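Residue-level structural notes
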Amino acid sequence: MAGEVVLIIEDNERNMKLARDVLTFRGYRVLEAPTAERGLELATSDHPDLVLMDIQLPGMGGIEALGHLRANPATARIRVVAFTASAMKDDRERILAAGFDGYIVKPISVREFPGQVQEQLDLRCRST
Ligand code: MN
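Owing to the predicted nature of the structure, the values given are computational and were not obtained by experimental measurement. (Residues numbered from 1 in each chain as written. Predicted model: local features only at pLDDT ≥ 70, side-chain atom pairs only at ≥ 80, totals over all residues. Heavy atoms only, no water.)

**Describing the sheet that holds strand β5 (residues 102–105)**
Read from one edge to the other, the open sheet built from 5 strands follows the order β2-β1-β3-β4-β5, with strand pairing classed as parallel. The open sheet has two edge strands with one neighbour each: β2 (29–33) and β5. Averaged over all pairs of adjacent strands, the angle between their axes in this sheet comes to 25°, without regard to strand direction. Sitting on the sheet, helix α3 (residues 62–71) is in contact with β3 (50–54) and β4 (79–84), with an inclination near 150° to β3. Sitting on the sheet, helix α4 (residues 89–97) touches β4 and β5, and the angle it makes with β5 is about 140°. (Pairing = 2+ DSSP bridges. Helix = DSSP H or I, 4+ residues; strand = E, 2+ residues; numbered from the N terminus. Axes fitted to C-alpha atoms, helices over the stretch in contact; angles between N-to-C directions. Contact = heavy atoms within 4.5 Å.)

Printed below as a string of structure tokens:
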């Protein structure tokens, strides 16, 4: 499927560029935010179908930003997936306990990433 809007909140330029290029090539519309603060603005103004949220960010972190999204009626129902290098079991549990709808581990696999993103979009469709 194409045309769905994915907001990527990620401060690492290489990670951002790779994720953006792969998704854009597959026909998704990508919004980019290098900080959580900018991501919250874009989530409110553009209402993306999915948010990929880095955890470690300058300024506000991803877990705090998730809380802001959930607290705002305009963004509370957006599916938000942690976009994280933390692959350890404890980290995963902490991320899901924080209220993320799922997670995608970095570094991404160019071959697997589009499917991972579409899977998250499909889960959103079923839950609404
Ligand atoms: Mn980061």
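**Details of the environment of Tyr28**
The topology assignment puts Tyr28 in the loop between α1 (13–25) and β2. Separated by 20 residues in sequence, Tyr28 and Pro48 place their C-alpha atoms 11 Å apart.

**Structural notes on the coordination of the manganese ion**
Around the manganese ion, the donor atoms from the protein are Asp11 (OD), Asp54 (OD) and Gln56 (O), and they sit 2.1 to 2.2 Å away. The sequence motif formed by the donor residues of the manganese ion is D-x42-D-x1-Q. With Asp11 in the loop between β1 (5–9) and α1 and Asp54 in strand β3, this residue pair connects regions lying 43 residues apart in the sequence. We classify Asp11 as partly exposed; its relative accessible area is 35%. According to the relative accessible area criterion, Asp54 is buried, its value standing at 5%. (Donors = N, O, S within 2.8 Å, 3.2 Å for Na, K, Ca; no water. Buried < 20%, exposed > 50% of the residue type's maximum accessible area, 1.4 Å probe, protein only.)

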